[in-house]
Structures are given as C-alpha cells and as structure tokens.
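# Structure at a glance
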Amino acid sequence: MSALPPTGAERLIQCLEREGVEYIFGLSGGAAMPIFDALVDSNIKLIMVRHEQGATHMADGYARATGKPGVVLVTSGPGATNTVTGLLTALMDSVPIIVLCGQTVSPMLGKDAFQEADVTGITYPVVKHSYLVKDGADIPRVTREAFYIASTGRPGPVLIDLPKDVTQGPCEAPFVDDVELPGYRVPSRADPDDIAAAAELLKSAKRPLLYVGNGAVISGAGKAIITLAERLRAPIVNTLLGKGAADETHPLHLGMLGMHGTAYANKAVVDCDLIMSIGARWDDRITGKLDEFCVDAVKIHVDVDPSEFNKMVPLDLAIHGDARLVVEDLLPMIEPGDTEAWLAQCDEWRRKYPLKYPKQGGLRAQHVLDRLHALTLGNAVIATDVGQHQMWAAQFCLSTTNRNWLSSGGAGTMGYGFPAAIGAQFGQPNKEVWSVSGDGGFQMTQAELATAAIHKLPVKCLIINNNYLGMVRQWQELFYDNRYSGVDLEGNPDFVKLAQAYGIQAWRIKRPADVDRILKLAHAYNEGPCVVVAEVVKEDNVFPMIPAGAAIKDMLIEKPRVRMEKPTGST
Amino acid sequence: MAAPALRPMPASEKTGIHTISLFVHDRPGVLVRVALVFARRGYNIESLVVSPSAAGGFSRMTMTCSGDPATLDQIIRQLAKLVDVVSAIDHTGDQSYETEIALIKLDVQDDDRTQVLQVAEHFNAKVVDYAQTSIVLRVYGGSEKLDALINLLRAYGISELVRSGKILMARGGSET
Ligand SMILES: Cc1ncc(C[n+]2csc(CCOP(=O)(O)OP(=O)(O)O)c2C)c(N)n1
Ligand SMILES: [Mg+2]
C-alpha cells in the first residue's frame, strides 16, 4: 500500500465501519462517486436501489426492525431531493437514519452548479439535525455526532451533505469517540418525585388505562409495561406505532385505539378515569375532538421529548425520561388496584363489539390478513403501506414482539411498506418478513422488486388489490356522497406478471378458499422474494371509524344509514 | 376523580409580547433552524438580535414575538430541543434589564428644528448627524420609551428609522 493519506471519502467509510454499519442503501451519481469508490474496499455491503426514496425506506425499515441506525447514500441535486419523503417519514416516527448526500464542489456552492441543490436548506424541516461539511477534517467528528444524535433521546434522521472536493481531498483527522454537544441532552431516569406522584395517582384510579406508543417500542419498555398492567390490573391500549411493544395478545390488552382502533379500546378511552401515555404523543388520530377527549380523566404523560408535554392535551403529570426506565422505576411503588369491575366492563365490550367482517360476498382483505396472522402469530415482521389494508393489518395482525411491526404512522407515506420490508429483511435475516401493501402504494416503490430479486431476499410481499385508492374512496363514499374523484386505479398492471417479469415467484388469491393454501406456499418459500396478490372486493370499508375531528364516543361501528357530514379534522 | 395537588405544569401565563433569549452553538444554519420553528406556524418574529457571547463559539439571540402563551410555550420547548440551542428562556415579565437603540432620520424644516431638538433632549436622544435638511437622532432605552419618542416625532416627518431590536440581560446571579 502506498503511504498516501486517506481521502475524505475513505475516512468517512472508516468512520461508518467504526459505527458498526453493515449496509448502505443507495444510488450513485457524479457528486457521490468518491464515496461509492471508497465502498469498493470496504466490508460494508452496498445495496443498490432503483429510486432514492426506496433507499430511505429500506434504511428506515432496517432501523425499526433492529434498533440500529440505517444508512443511505445518494448523489447531489435530484438524488438528494428524492430522499425528502423518507426523511419526513423517519422524522415523524422517530426513526434513526443517516442520509449521506454527495454535493457539488464547495467553491461552486450557491452558483447553480450542475446538480447543485441547497440540500441542507431543503431538508431543515424534516431532519433532527444536519451538516454541510466544508472541511474534510470535520468528517470524523460529524459522523460520530450524526450517529449519536440519530440514535439517542428521541431518535430521528440526520443528513450529512458532502461536497465532492471534501470527499476527494485528503483527510487525516483522527477518529472521534466522544461527542461534545452542549445543546443536546439525553434524558435517562426521571425525577423520583414525578415517579412517586404517578404511583399516587395510579393508586387512586378506579379505571386506569395504559396508552402505549412508539416511545415504548424504541426504549423496549414492553415487558415492564406488561408487569405494570398486571400489578395494577389495568388494561392496555396501543397506538398504530406502539404495536408490538407490549404483547397485543395479552388478556389485559385491548388492541389499537384511535380512528380505526377496536371499539373496546376506544370505549375504554372514553370511560377511563386515568390515562397514562407511555411514549405516545396524543396524536389527532388518537384523541379525535380535543375538547371532548378524556375530559374528566387524570392524564399522565411519559416522554423523552419534553416538547410533547401539554402540546395536545393539558396534563396532570408529565414525566420526563426514557419510557422503560420510568416504568421500571414505577414498578416497586405500585400497589394492586381494585379494578375488577373496570376489567369486567372492558371484557364485556370486547365480547359485544368484536372486530368482524362478512364471511360471504367475495374475497376480503380482512380475511386474508386474519389468516396471515393465524399463520405467523406475531412472530413475523410485518411492514405495511398506507391505506385500508394498513388499518386492517393493524386490526387483525396482532403484534407480540417488539420491532416486528413497521408502519408509516405520522407521515402516512404510501410506498413505504415494501422497501421497509426489504430493509428489515437485511437487518433480520433469520426472521420471516412480510410486506402488506395496497395496489396504489405498491406502485410507488415497486421498482425495488429488482433490489429484492438480485439479493434473493426471502421477503414476502402481499398486495391487497382492490383496484382503488381504497382509503380515499371510503371517505368519498361516506362523506362526499359517493362522488368518486381520482380513486379508480384503472390501468393497474397484472401484479403476478409484473413480479414474474423480475423473475420473482408470484401467486394470486382469487377466492376465500385459496387463502390458506397460498399464504402457506409463500410462508414456506425461501429461495428469494415472492409476491402474493389478493384480488379482493373493490368496495369495502374499514370499521370501526372515528371520523376525523369527531369525538371518540361518536365512533362508527358499521356504515351509518344516514348521510354523514364532511369530517372537520385535518385528514 | 380529582387529581391530588401536584406541582403545576410549567405552562406560561404570560400574554402579549414575549422576549426570548437563546444561547446557541455558533454553527452555520442555526439561525434558519430557529426561524423555522416560528415560520412553520406562520408566526412572525418581531425583532431579533444575534451577537457573539462571552464564551467563544456561542452566540446570544434575543428575540421578541407575540402570540398566545400556550403556543409560545410550545415554541420555546421546540427551540430548546434544537441540537444547536443550549438554552431557551422566556424573560417576559421578569426583572431583566432591557434596552434597545434607535436611529431616527427626520427631514426637518428650519421652523421645526427647535421643537424637534427639545423633544430629543427630553428623551436623552443625541443628534449624531446634522445636515441642511435633515438630522439623525440616536436614542436608547426601553422599547416603550423608544415607541413614545417615535410617535411624537412622526408629526415632524420621519424619513428613516432603524431600531436594533431589544436586548436584555438577567440581573444578579440569574441566567439570561
Ligand atoms: C404518498 C402519498 N400520497 C397520497 C396519500 C393519500 N392516501 C392515503 S391512503 C390512500 C389510498 C391508498 O390506496 P392503496 O395503496 O391502493 O391502499 P388501499 O387503501 O386501497 O388499501 C391515499 C391516496 C398518501 N398517504 N401518501
Ligand atoms: Mg387499493
């Protein structure tokens, strides 16, 4: 080897290796060439994608499934702007991803050079933090800080913009281990007075409810939450993103709450006298009409991010700390409550308002997802896209294992599910990984079929094909007098043939009688990716439903006979 | 069920114009990140002063803005959350020392000059430029005092006005 100093790009890759990076998801271009070149000599595996958005969702799926930051590498200008949706998706759901962008040479910054875009400028609102590196000597420090910031506290995406002269030039700066970030504090244990206050409140509650969110997933609080629920004899509900933190099949678990949550979970929210959020942020899809949300219930909120306190609802007690540590600290102070009447009430609701779907009248998505759950029993990673199929999957595929449920909640990004499943499969090679997509969303990132195929990834891709942008169609049916506008997916490809065109094994489910047989075929198939296309009834609706902006008590259990007003909530 | 007495949530009770002091890591982009916390809500920053702090590598930002207390409370928490922001404190209504400088250019005719100079003297404003048809006054003090002077002088024809924006410092051992 020559005695030449490493280039900035080589130093960068060494830094990534020191961070334990196994995979980089990316797509190259002029400004990123030095970095791609440096990857040739690295053990880090480059997963080449077909569109940069796919790379961001793969990194995101990898991160959600493993808890480790996912890394993306793209070129300048359009390569970088294609990551914006993925950054938003990761920011909204607190996912640690690192996006490395090539950039034009630094003397050309601000001069409309070829493929120059003000990437740090464009992305400020969608990152936890970002860097524009103008001096190669900063590469080790910036990389260390980026990983630290992305993965600690409330995790989130960090972007590093790397001008080509910086990556091509020499960099002898030493590696950095310790970060010095005076403006960045990572909370851990909460104030003991707050813990004691929470114990006191929980003690006097007659109808307590534990409301579990993504913070519990991130901190791994599930086991402690189950113990807390058992000691308190309190029911649990979780958000879409909280699925899997605490085993949804536990007898005290009432499933998902919110817009399309179970009726029994939502009824428990309406009637509880104490609701304790553990890493959930009282999103508008959870609270419905704020003025009527849990007005008389005591509200406790545990969060690592104090900017969430009192943001949506006025709290009685805010506990600033890591969800798992807070619940663990709380456990020794908990005395069993007298909640038997409350639990009996919840069980009665569970019996009276079960999730159900018609068993006749053609193939239904609910049936397919119900059977997928029967086959995988919460042991498979399930990554969903966004729409009706997502809500049905959330309702029927109960999660038993932390980090087995991946779904774009805050951003609701169509196109997320399939690439997220690919990323998850890279991160969890020994787990069974399914994506559940709609026919609309799947087409937004379907180009990644090639990525799955070339790596012979055993990811299983279920497409719920209703030939509609189903969720929007549902709203038009219920709230816009059936006036369909821009929801018919006429022109869909034959998804089985599409998969076959990539050399991918594919099956079609046409009738209810096919469901188990074909799901089992896919379950057993491990030679590479496979696609299952379920041709479901075109017009079906997700219930229960709390129309956006309505009070939870106005939840619809089934389609109302009367005409509905347009929802007042945002979306 | 009534909640037992707990220490109150730190929701701000203060209304009207708020003065916020930020101590920030002096990194490119920090001003944009701060501004975006306001801009995404359509909030206007009314004045903003950025200057080096006593500690090298850090800057002080003093900003004023108006809005409802609950939203501003949230804004301050979101500012504090920014990686480059070391501290964010709302000084509204506390006993901090506050001051501001204004430069005021007036197109004054001979007959108005004496009166303008009398007003200026009353407010301790200094004439820093004296020309044929204009004078420039420099005045400092509390923002309300500056407002009062400017209002009085409008009658004589203010042609240009530059205000520094409010700066403040907490008294005694308190942190700004
Ligand atoms: C990128 C993006 N564009 C638009 C939307 C709005 N949207 C939400 S659900 C939905 C329909 C999704 O259709 P499909 O993927 O077929 O799933 P289905 O609801 O039919 O199960 C749309 C358009 C979105 N969430 N994301
Ligand atoms: Mg569809």
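Each chain carries its own residue numbering, running from 1 in the direction its sequence is written. The order in which chains are written sets their letters, starting at A; the order in which ligands are written sets their numbers, starting at 1. The predicted nature of this model means local features are confined to residues of pLDDT at least 70 and side-chain atom pairs, given and counted, to a pLDDT of 80 or more, with totals for whole chains, interfaces and linings taken over all residues. With hydrogens and water excluded, all non-hydrogen atoms of the structure serve as input to the side-chain values.

### With respect to the overall build of chain B
- The way it works is that DSSP assigns letters per residue, a run of H or I at least four long becomes a helix, a run of E at least two long becomes a strand, and they are numbered from the N terminus. In terms of helices and strands, chain B carries four helices and nine strands.
- Reading chain B from its N terminus to its C terminus gives the helix and strand order β-α-β-β-α-β-β-α-β-β-α-β-β.
- What the globule rule says is 2.2 Å times the number of residues to the power 0.38, and the radius of gyration is computed from C-alpha atoms. Here the C-alpha radius of gyration of chain B, 20 Å, is well above what a compact globule of 176 residues would show, namely 16 Å.
- Seen through its C-alpha atoms, chain B measures out along the principal axes to roughly 70 × 40 × 35 Å.
- Burial classes: relative accessible area under 20% of the type maximum marks a residue as buried, over 50% as exposed, and values in between as partly exposed (1.4 Å probe, protein chains only). Counting every position in chain B, which comprises 176 residues, the buried fraction comes to 43%.
- Should any heavy atoms of two residues lie within 4.5 Å, those residues are considered in contact. Here the contacts in chain B between residues at least 6 apart in sequence split such that 72% fall between residues at least 24 apart.
- Using the Shrake-Rupley algorithm and a 1.4 Å probe, accessible areas are obtained, with residue cover drawn only from the displayed protein chains. Element-wise, carbon and sulfur atoms account for 54% of the exposed surface of chain B, whose accessible area totals about 9,500 Å².
- Here the positive residues are Lys and Arg and the negative ones are Asp and Glu; neither His nor the chain ends is included. By convention, charge coordinates are those of NZ in Lys, CZ in Arg, CG in Asp, or CD in Glu. Taken together, the 18 basic and 20 acidic charged side chains of chain B have centroids lying 8 Å from each other.

### As for the interface of chain B and chain A
- In this complex, chain B contributes 23 residues to the contact, which on the side of chain A involves 35 residues.
- Between chain B and chain A, a total of about 2,300 Å² is buried, with carbon and sulfur atoms accounting for 58% of that surface.
- Any Lys or Arg side-chain nitrogen located within 4 Å of an Asp or Glu carboxyl oxygen qualifies as a salt bridge. Scanning the region where chain B abuts chain A turns up two salt bridges.
- In protein, a polar contact means a hydrogen-donor-capable atom and an acceptor-capable atom, both N or O and within 3.5 Å, with residues adjacent in sequence counting only if both atoms are side-chain atoms; elsewhere, any N or O pair within 3.5 Å suffices. Our count for the chain B to chain A interface comes out at six residue pairs in polar contact (both at pLDDT 80 or more).
- For the side of chain B that touches chain A, the secondary structure elements donating two or more residues are α1 (30–39), α2 (69–81) and β4 (85–90) of chain B.
- Gly is put with the polar residues, along with every residue not named as nonpolar or charged; the nonpolar set is Ala, Val, Leu, Ile, Met, Phe, Trp, Tyr, Cys and Pro, and the charged set is Asp, Glu, Lys and Arg. Of the residues assigned to the side of chain B that touches chain A, the class counts are 13 nonpolar, four polar and six charged. Summed over both partners, the accessible area (1.4 Å probe) lost when two parts come together is defined as the buried area.

### A few points about the sheet that holds strand β5 (residues 129–132) of chain A
All names here are of chain A.
- When DSSP finds at least two bridges between two strands, those strands are taken to pair. Strands sit in the order β2-β1-β3-β4-β6-β5 across an open sheet of six strands; the sheet is parallel. Only two strands of the sheet have a single partner each, and these edge strands are β2 (45–48) and β5. Averaged over neighbouring strand pairs, the angle between their axes works out to 20 degrees when direction is ignored.
- In terms of strand pairing, strand β3 (residues 70–74) meets strand β4 (residues 97–103) through five bridges, oriented parallel. Working convention: axes come from line fits to C-alpha atoms, limited for helices to the stretch in contact. Angles between N-to-C directions cover 0 to 180 degrees.

### Regarding the nonpolar core
Residues and elements named next belong to chain A.
- Phe 25, Ile 422, Phe 442 and Val 531 are the most contacted members of the largest nonpolar core, which has 50 residues in total.
- Just so you know, the domain bounds were taken from an automatic or database domain assignment. Two domains share this core, each providing at least three of its residues, namely domain 1 (8–168) and domain 3 (365–543).
- Setting aside anything within four residues of it in sequence, one finds Val 531 in contact with Leu 449, Cys 461, Ile 463, Ala 499, Ile 504, Gln 505, Ala 506 and Trp 507.
- The next biggest cluster of nonpolar side chains, apart from the first, holds 43 residues, and it includes Leu 372, Val 436, Leu 462 and Val 536. By convention a nonpolar core is built from buried Ala, Val, Leu, Ile, Met, Phe, Trp, Tyr and Cys residues, the set being connected through side-chain atoms within 4.5 Å.

### Notes on the site of ligand 1
All names here are of chain A.
- Think of it this way: one heavy atom of a residue within 4 Å of a molecule or strand is enough to make that residue near it. The immediate surroundings of ligand 1 are formed by 18 residues, with Gln 388, His 389, Gly 412, Gly 441 and Gly 470 found nearest.
- Residue Gln 388 places a main-chain N or O atom 2.8 Å away from an oxygen atom belonging to ligand 1.
- In this structure, an oxygen atom belonging to ligand 1 sits 2.9 Å away from a main-chain N or O atom of Met 471.
- In isolation ligand 1 offers 590 Å² of accessible surface; the protein chains occlude 76% of this area.
- Listed by contribution, the elements that provide at least two residues to the shell around ligand 1 are α17 (388–396), α19 (439–442) and α21 (470–479).
- Its residues placed into classes, the shell around ligand 1 shows eight nonpolar, nine polar and one charged.

### Details of the side chain of Arg11(A)
Residues and elements named next belong to chain A.
- Relative to the assigned elements, Arg 11 resides in helix α1 (residues 8–18).
- An unpaired buried charge is present at Arg 11: no salt bridge exists, and Glu 172, the closest side chain of opposite charge, is 8.0 Å distant.
- Beyond its immediate sequence surroundings of up to four residues, Arg 11 is in contact with Pro 6, Ile 139, Pro 140, Cys 171, Glu 172, Ala 173, Pro 174 and Phe 175.

### Quick look at the packing of helix α3 (residues 52–66) of chain A against helix α18 (residues 417–427) of chain A
Residues and elements named next belong to chain A.
- At their nearest, the axes of α3 and α18 sit 6 Å apart, and the two run at 50 degrees to each other. In this view, α3 runs oblique relative to α18, as classed from their interaxial angle. Crossing of α3 against α18: the hand is right-handed. Here Gly 54, His 57, Met 58, Gly 61, Tyr 62, Ala 65 and Thr 66 of α3 lie close against α18, whose contacting residues are Pro 419, Ala 420, Ile 422, Gly 423, Ala 424, Phe 426 and Gly 427.
- Residue composition of the contact of α3 with α18, grouped by class: eight nonpolar, six polar and no charged. Each angle is binned into one of four classes, with values under 35 degrees roughly parallel, values over 145 roughly antiparallel, values of 65 to 115 roughly perpendicular, and all other values oblique. Handedness of a crossing follows from how the near helix is turned relative to the far one, being left-handed for an anticlockwise turn of less than a right angle and right-handed for a clockwise one.

### What to know about the coordination of the magnesium ion (ligand 2)
Residues and elements named next belong to chain A.
- Those donors, Asp 439 (OD), Asn 466 (OD1) and Tyr 468 (O), are the protein atoms that reach the magnesium ion (ligand 2), and they lie 2.1 Å from it.
- Each metal site is built from N, O and S donor atoms within 2.8 Å (3.2 Å for Na, K and Ca), and since water is not included, such sites may look incomplete. Of note, the magnesium ion (ligand 2) draws all its donor residues from one chain, in the sequence arrangement D-x26-N-x1-Y. With Asp 439 in helix α19 and Tyr 468 in the loop between β16 (460–465) and α21, the pair connects residues that are 29 residues apart, well separated along the chain.
- Relative accessible area serves as the criterion here: at 8%, Tyr 468 is assigned to the buried category.

### Considerations on the confidence of the model for chain B
Residues and elements named next belong to chain B.
- Averaged over all residues, the pLDDT of chain B equals 90, while 91% of them reach at least 70.
- The predictor attaches a confidence to each residue, called pLDDT, with possible values from 0 through 100. Here residues 1–12 scores under 50 on pLDDT; set against residues more than four positions off or in separate chains, the count is 26 contacts.
- Overall fold confidence (pTM) sits at 0.96, and the ipTM for the predicted complex is 0.93.

### A word on the domain arrangement of chain A
Residue and element names in this part refer to chain A.
- By domain assignment, chain A separates into domain 1 (8–168), domain 2 (192–352) and domain 3 (365–543).
- If you average the C-alpha positions of domain 1 and of domain 2, the two centres end up 37 Å apart.
- Counting residues at the interface gives seven residues for domain 1 and seven residues for domain 2.
- Around 530 Å² of area is buried between domain 1 and domain 2 when both sides are counted, 51% of it from carbon and sulfur atoms.
- At the boundary of domain 1 with domain 2, the tally comes to two salt bridges.
- Residues Asp 305 and Arg 154 are paired through a salt bridge, measuring 2.9 Å at the closest nitrogen-oxygen approach.
- At the boundary of domain 1 with domain 2, the tally comes to three residue pairs in polar contact (both at pLDDT 80 or more).
- Its residues assigned to classes, the side of domain 1 that touches domain 2 comprises two nonpolar, two polar and three charged.

### Concerning the domain arrangement of chain B
Residue and element names in this part refer to chain B.
- By domain assignment, chain B separates into domain 1 (9–94) and domain 2 (97–169).
- Between the C-alpha centres of domain 1 and domain 2 the distance comes to 29 Å.
- Contact residues are listed per partner, giving eight residues for domain 1 and six residues for domain 2.
- A per-residue breakdown of the area domain 1 buries against domain 2 is headed by Thr 19, Val 49 and Thr 62, which together make up 60% of the total.
- The tally of links between domain 1 and domain 2 comes to zero salt bridges.
- Across the domain 1-domain 2 interface, the total number found is one residue pair in polar contact (both at pLDDT 80 or more).
- Secondary structure elements with two or more residues in the side of domain 1 that touches domain 2: β1 (17–25), β2 (47–52) and β3 (58–66).

### Notes on helix α3 (residues 110–122) of chain B
Residues and elements named next belong to chain B.
- Along α3, the residues classified as buried are Arg 113, Val 116, Val 119 and Ala 120. Burial along α3 is one-sided: seen end-on, the buried residues are contained in an arc of 135 degrees. Opposite the packed face of α3, turned more than 90 degrees from it, sit the exposed residues Asp 111, Thr 114, Gln 118, Glu 121 and His 122.
- Looking at the buried residues of α3, the elements they touch are β5 (97–107), β6 (126–130), β7 (134–141) and α4 (143–153). What the arc measures is the spread of directions leading from the helix axis to the C-beta atoms.

### Re unusual backbone geometry
All names here are of chain A.
- Following Phe 543, the chain continues to Pro 544 via a peptide bond in cis, the omega torsion being -5 degrees.
- Relative to the helices and strands, Pro 544 resides in the segment after β18 (530–535).
- The phi dihedral of Cys 294 is positive, around 45 degrees, even though this residue is not glycine.
- Here Cys 294 is to be found in the loop between α13 (284–287) and β11 (298–303).
- Judged by its relative accessible area of 7%, Cys 294 falls in the buried class.
- Within the chain, Asn 467 stands out as a residue other than glycine whose phi angle is a positive 55 degrees.
- By the element assignment, Asn 467 lies in the loop between β16 and α21.
- On the basis of relative accessibility, which here comes to 25%, the residue Asn 467 falls in the partly exposed class.

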